[in-house]
Amino acid sequence: EAQVTQNPRYLITVTGKKLTVTCSQNMNHEYMSWYRQDPGLGLRQIYYSMNVEVTDKGDVPEGYKVSRKEKRNFPLILESPSPNQTSLYFCASSLSVLGDTQYFGPGTRLTVL
Amino acid sequence: AQRVTQPEKLLSVFKGAPVELKCNYSYSGSPELFWYVQYSRQRLQLLLRHISRESIKGFTADLNKGETSFHLKKPFAQEEDSAMYYCALSVDSGGYQKVTFGTGTKLQVIP
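Figured I'd write up the structure that's included with this text. Please read all numbers here as calculations on a predicted model, not as lab measurements. (Residues numbered from 1 in each chain as written. Chains lettered and ligands numbered in written order. Predicted model: local features only at pLDDT ≥ 70, side-chain atom pairs only at ≥ 80, totals over all residues. Heavy atoms only, no water.)

Residues and elements named next belong to chain A. Side chains of I12, V14 and L113 sit close together on the surface and give an oily, nonpolar patch of about 320 Å² of accessible area. With respect to the element layout, L113 can be found in the segment after β11 (108–112). Residue L113 is classed as exposed on the basis of its relative accessible area, which comes to 60%. (Patch = residues over 30% accessible without salt bridge, like charges linked within 9 Å, V, L, I, M, F, W, Y side chains within 5 Å. Areas by Shrake-Rupley, 256 points an atom, 1.4 Å probe, with all protein chains shown as cover. Salt bridge = Lys/Arg side-chain N within 4 Å of Asp/Glu carboxyl O. Helix = DSSP H or I, 4+ residues; strand = E, 2+ residues; numbered from the N terminus. Buried < 20%, exposed > 50% of the residue type's maximum accessible area, 1.4 Å probe, protein only.)

Tallying the contact residues gives 20 residues for chain B and 24 residues for chain A. Taking both sides of the interface into account, the surface hidden between chain B and chain A amounts to around 2000 Å²; carbon and sulfur atoms contribute 52%. Among the residues of chain B in contact with chain A, R43(B), Y96(B) and Q97(B) are the three that bury the most area, contributing 33% of the side total. At the boundary of chain B and chain A, one finds two salt bridges. Measuring nitrogen to oxygen at the nearest pair gives 3.0 Å for the salt bridge that ties D59(A) to K98(B). Inspection of the chain B/chain A interface yields eight residue pairs in polar contact (both at pLDDT 80 or more). (Contact = heavy atoms within 4.5 Å. Buried area = accessible area lost by both parts, 1.4 Å probe. Polar contact = N/O pair within 3.5 Å; in protein donor to acceptor, adjacent residues only side chain to side chain.)

Turning next to the pattern of salt bridges. Residues and elements named next belong to chain A. A full pass over the atoms with the stated rule returns eleven salt bridges over all chains. A salt bridge links K65 to E79; the nearest nitrogen and oxygen atoms lie 2.9 Å apart. Of this pair, K65 sits in strand β7 (residues 65–66) while E79 sits in the loop between β8 (76–78) and β9 (87–94), placing them 14 residues apart in sequence. Beyond isolated ion pairs, a larger network of salt bridges with shared partners links K18, K65 and E79.

Attention shifts here to the sheet that holds β7(A). Residue and element names in this part refer to chain A. In spatial order, the strands read β1-β3-β8-β7; together these four strands make up an open sheet with antiparallel pairing. With one partner strand each, in any of the chains shown, β1 (4–7) and β7 form the two edges of the open sheet. For β1 and strand β3 (residues 19–25), the ladder comprises four bridges, and the chain directions are antiparallel. Along β3, the bridge assignment pairs V4 with Q25. (Pairing = 2+ DSSP bridges.)

So, in structure tokens, the structure goes:
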């Protein structure tokens, strides 16, 4: 089944403890991105990747890192999480890098205490 | 920079009533516009995109370049339409897509 998966789905952690949220797609998509969803603010793009080893900042990249060593995986890294990074995170992928439909993962709810 | 505005945070309508979810965008070039839907406890999924000119689940959306709008419409709301709806704009940003989402409108269909 074609899909985008994320792990973990739920995570409660403490300030400063490094964490990684994984994202994987099995559709051979070139474009992948990370969003955070906050009430009243909608979806905001954190980082995106156009292909392997090619990434760029979105609208709210501060406090996050990403890597794209393989086409299928695009992990989101929080080196030193803070409470303002408590949010619902979505990974998405699309076939091409230009104006294509995005397929979303199920979301990861992160709470930073 | 491009921008997407969804002026209503919440829209409540009765079952069978017409629905219009508003979306306005700002972008000087030729945009790609999408509507995504998020049902309760589910992931976001594409509802429709303007270039396909489809009607999905009874919803339609017409791109009005003069008014820079892409409003989502349905003539008769159903209870299963209750969900969060996001308008999204995709533009060419140096050879790659830059996607901007609106803040979303929660549609509540009252039985």
